[in-house]
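Single-letter residue listing:
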Amino acid sequence: MLIKHLTDDEVQQYAVNKSNCEKRIVEHIHLCEECRSKVEVYQLLINGIKQQPQPAFNFDLSKMVLQQLPSPKTSIANDNALIWIFGFMAMAFLGGAIYFFQSYFDLFESMRTIFIYLIVITAVTVLAYLFIDMYKKYKHGMKVLDLY
Ligand SMILES: [Zn+2]
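Please read all numbers here as calculations on a predicted model, not as lab measurements. (Residues numbered from 1 in each chain as written. Predicted model: local features only at pLDDT ≥ 70, side-chain atom pairs only at ≥ 80, totals over all residues.)

A. Quick look at the overall build of the chain. Helix and strand counts for the chain come out as seven helices and zero strands. Counted from the first residue to the last, the chain has its helices and strands arranged as α-α-α-α-α-α-α. For the chain, with 148 residues in total, the buried portion stands at 9%. In the chain, the share of contacts with a sequence separation of at least 24, taken over all contacts with a separation of at least 6, comes to 62%. (Helix = DSSP H or I, 4+ residues; strand = E, 2+ residues; numbered from the N terminus. Buried ≥ 20, exposed ≤ 12 C-beta atoms within 10 Å, placed from the backbone. Contact = placed C-beta atoms within 7 Å.)

What follows is the structure, given as structure tokens:
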């Protein structure tokens, strides 16, 4: 006997992982066409999400769906994070180089100034490149967003 339908959470649970569901949920799905069609909708959504590169099934499904809907934005954010990581790595490398060559610089005070300028120029170039790259990605992302 069908007393009440499954909650969205229960339907999602079934759609995500049938084998881990309570028996009560499985039985209800088998008996109730309405809830079964809900499951089908969620499975379609899940399949859509699976085709995206982000594997994140520990999260609440509705949250995941919301995250995935503006997906170009999300992936841009990830790319930017990567760019920033590379940027920081570049800066750390430069910092290390400055530290490593500090003693040499002390011997050649005037050369030191020149080297510092060179390093600053390099750092600025790297940062400018990163910003241009980020801007390109951003523009590309905007184009992708426009298609939606
Ligand atoms: Zn039902």
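B. Molecular detail of the nonpolar core. Formed by Leu 6, Val 11, Tyr 14, Ala 15, Ile 25, Ile 29, Cys 35, Val 39 and Tyr 42, the largest nonpolar core amounts to nine residues. Where this core is concerned, the elements lending two or more residues are helix H1 (8-16), helix H2 (23-31) and helix H3 (33-50). The contacts of Val 39, once residues within four sequence positions are left out, are Val 11, Tyr 14, Ala 15 and Ile 29. (Core = buried A, V, L, I, M, F, W, Y, C linked by C-beta atoms within 7 Å.)

C. Focus on the environment of Met 134. Here Met 134 lies in helix H7 (residues 109-146). Judged by the 16 C-beta atoms lying within 10 Å of it, Met 134 falls in the partly exposed class. Among residues more than four places away in sequence, those in contact with Met 134 are Asn 80 and Ile 83.

D. Just the environment of Ala 97, in detail. By the element assignment, Ala 97 lies in helix H5 (residues 71-100). Distance from Ala 97 to Ile 119, taken between C-alpha atoms, is 9.2 Å for residues 22 residues apart in sequence.

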